[in-house]
Amino acid sequence: MFPLTEENKHVAQLLLSTGTCPRCIFRFCGVDFHAPYKLPYKELLNELQKFLETEKDELILEVMNPRPKKIRLQELEDSIDNLSQNGEGRISVSQDGSIASKNSNLNVCNVCLGILQEFCEKDFVKKVCQKVEASGFEFTSLVFSVSFPPQLSVREHAAWLLVKQEMGKQSLSLGRDDIVQLKEAYKWITHPLFSEELGVPIDGKSLFEVSVVFAHPETVEDCHFLAAICPDCFKPAKNKQSVFTRMAVMKALNKIKEEDFLKQFPCPPNSPKAVCTVLEIECAHGAVFVAGRYNKYSRNLPQTPWIIDGERKLESSVEELISDHLLAVFKAESFNFSSSGREDVDVRTLGNGRPFAIELVNPHRVHFTSQEIKELQQKINNSSNKIQVRDLQLVTREAIGHMKEGEEEKTKTYSALIWTDKAIQKKDIEFLNDIKDLKIDQKTPLRVLHRRPLAVRARVIHSMETQYVDEHHFRLRLKTQAGTYIKEFVHGDFGRTKPNIGSLMNVTADILELDVESVDVDWPPALDD
């Protein structure tokens, strides 16, 4: 059943005669059900031609600019015949990979610039799908997004003013919201075609996105007059190549007075010579996250790459020993490493290890069985004796928040080998065992002042347990608030940490070895290995 009624006939005749395509005519007539838009273009033209047949010999069409003119019905029908004979525009991929039209005789729509003519037909969808399949991404659903040239909004505004005035003569109104949005109509037509061609559903929550960016160089200056009338709407942005973004254009169109618009822009808009071009077809997958816990057994391994003034100091890092394997297996472009705190290059991390998470950016492979993840963990562990990984698993972005919460709120347990300048006996250190919840003030240590703001941080030493070694050495096991600088608590950092082991014992003390024995964060969940 054809969607237009007698009430729509006058507007449909007006729009078609001024160069508007059938699908845009449906939009301006408020056709908001999908089926008519999905008909092949040639069939639409034939149906529209039958609908517009009339017994009158001529029709007076009034437009605002240019001046009112007579258009004979026979000329109108001839133009429909010409469009009908052109049929469906065929799409081809040129040698440089861009998508172009083989049908140069197509009368290009003066509103959508060919978007609802050539670029929602099966041939175009197939070409896009070929690029998607060649991209190498793993996906079970997709989001399809399109970016249209901003001048389409200007042309749609002009056509709306034309139709609004024509309907006003019949005491009818047409609000901007009464027009079906171009993007909506485009998705109504293309979503089923993409879903059928790729064999997966279109899902707005999918992490896999296929985006198509259109441009129309011929009409790029359509927007420029708006900058003179509404300069406040067009402000340069660092990440935008042009001030004429869709949002800026829409903002200006909402502000501009109708009479000012009509003085500056033709109404109806002029018919272009060529359809839009496709600037790019891009595929991208949202990040996936892998978490686990790592042990570090080397006293010569930084957590992250150690580079000073562009020069690498050590050949590897915890981050790289883990992430290099994940990048390769997930076929990701890049990664971001984070952890619950960090240890110095000369500090080991023992016990159950330190929680970490890795964001894998734009991964091409995303589906793994638990057995494959176990094998990946084993591969990491077999590759180096400096680190070991446990509880490796896929997690959500939201779950990583649990790790960061624990970074400041939880407790950590350390083991330190301490030297004293004065000879000591076992009885000289036993009093430390009785100290509970000792409050200390730590001014930002000198060794990290280049990367941390100067501040005094209150921290708590929950408990200490000593083990005598010899007259100049003892071991100290500490349970502390997360974020405590242990080395500075031992030697005092020239009085910047108060109190400290040296001041409590009335000796000069220094730390020779430090191990992290536990990070009390209950995340990620332990796995049965």
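The structure reproduced in this document is the subject of the present report. (Residues numbered from 1 in each chain as written. Predicted model: local features only at pLDDT ≥ 70, side-chain atom pairs only at ≥ 80, totals over all residues. Heavy atoms only, no water.)

Quick look at the environment of Asp 441
With respect to the secondary-structure elements, Asp 441 resides in strand E15 (residues 436–443). Exposure remark for Asp 441: the relative accessible area of 42% places this residue in the partly exposed category. Between the C-alpha atoms of Asp 441 and Lys 498, which are 57 residues apart in sequence, the distance is 5.5 Å. Beyond its immediate chain neighbours, meaning those up to four positions away, Asp 441 contacts Val 456, Arg 457, Ala 458, Arg 496, Thr 497 and Lys 498. (Helix = DSSP H or I, 4+ residues; strand = E, 2+ residues; numbered from the N terminus. Buried < 20%, exposed > 50% of the residue type's maximum accessible area, 1.4 Å probe, protein only. Contact = heavy atoms within 4.5 Å.)

Looking at the pairing of strand E11 (residues 334–339)
Residues Phe 335, Phe 337 and Ser 339 line the buried face of E11, whereas the alternating positions Ser 334, Asn 336 and Ser 338 sit on a face that is not buried. Alignment of E11 against strand E12 (residues 348–361), held across six bridges, turns out to be antiparallel. Counterpart to Ser 334 in the pairing with E12 is Val 361. (Pairing = 2+ DSSP bridges.)

Some thoughts on the packing of helix H1 (residues 6–17) against helix H4 (residues 41–52)
One way to put it is that H1 packs onto H4 with a least axis distance of 10 Å and a crossing angle of 115 degrees. Here H1 and H4 pass one another in a crossing that is left-handed. Of the residues in H4, those touching H1 at Glu 6, Lys 9, Ala 12, Gln 13 and Leu 16 are Leu 48, Phe 51 and Leu 52. Residue classes in the contact of H1 with H4 are distributed as five nonpolar, one polar and two charged. (Axes fitted to C-alpha atoms, helices over the stretch in contact; angles between N-to-C directions. Left-handed = near helix turned anticlockwise from the far one by under 90°. Nonpolar A, V, L, I, M, F, W, Y, C, P; charged D, E, K, R; others polar.)

Here we look at the environment of His 157
By secondary structure assignment, the location of His 157 is in helix H7 (residues 151–168). Look past the residues within four positions of His 157 in its chain and what remains in contact with it is Arg 176, Leu 253 and Phe 261.

Observations regarding a nonpolar patch on the surface
Residues Leu 446, Leu 449, Leu 454 and Phe 494 make up a contiguous nonpolar surface patch of about 460 Å² in total accessible area. Within the fold, Leu 449 resides in the loop between E15 and strand E16 (456–470). (Patch = residues over 30% accessible without salt bridge, like charges linked within 9 Å, V, L, I, M, F, W, Y side chains within 5 Å. Areas by Shrake-Rupley, 256 points an atom, 1.4 Å probe, with all protein chains shown as cover. Salt bridge = Lys/Arg side-chain N within 4 Å of Asp/Glu carboxyl O.)

Description of the packing of aromatic side chains
Tallied over the entire structure, the rule returns 21 aromatic pairs. Ring plane angle 65 degrees and centroid distance 5.7 Å describe the contact between Phe 225 and Phe 261, whose orientation is recorded as edge-to-face. Of this pair, Phe 225 sits in helix H9 (residues 224–229) while Phe 261 sits in helix H11 (residues 258–264), and the two are 36 residues apart along the sequence. Seen from their ring centres, Phe 261 and Phe 265 are 5.7 Å apart, and the 45 degrees between their planes marks the pair as tilted. (Phe/Tyr/Trp six-rings, centres within 6.5 Å; stacked < 30°, edge-to-face > 60°.)

Things to note about the sheet that holds strand E7 (residues 277–285)
Pairing between the strands of a sheet comes from backbone hydrogen bonds, and it takes one of two forms, parallel or antiparallel. A sheet is described by the order of its strands in space; here three strands give the open sequence E5-E6-E7, paired in mixed fashion. Two strands in the sheet have a free side with no partner beyond their single neighbour: strand E5 (143–147) and E7. Across the sheet, the mean angle separating the axes of adjacent strands is 15 degrees when strand polarity is ignored. Note that E5 and strand E6 (residues 208–215) share five bridges and pair parallel. Of the residues in E6, the one forming a bridge with Ser 145 is Ser 211. Set on the sheet, helix H6 (residues 122–134) makes contact with E6 and E7; between it and E6 the angle comes to about 130 degrees. Of the strands in this sheet, E5 and E6 are in contact with helix H8 (residues 182–198), which crosses E5 at around 140 degrees.

What about the side chain of Arg 293?
When you line up the elements, Arg 293 lands in strand E8 (residues 288–296). Nearest to the buried, unbridged Arg 293 among oppositely charged side chains is Asp 391, at 5.0 Å. At 2.9 Å, the side chain of Arg 293 and the backbone oxygen of Val 521 are in polar contact. A polar contact of 3.2 Å, which involves the side chain of Arg 293, links it to the backbone oxygen of Trp 523. (Lys, Arg positive; Asp, Glu negative; His and termini not counted. Polar contact = N/O pair within 3.5 Å; in protein donor to acceptor, adjacent residues only side chain to side chain.)

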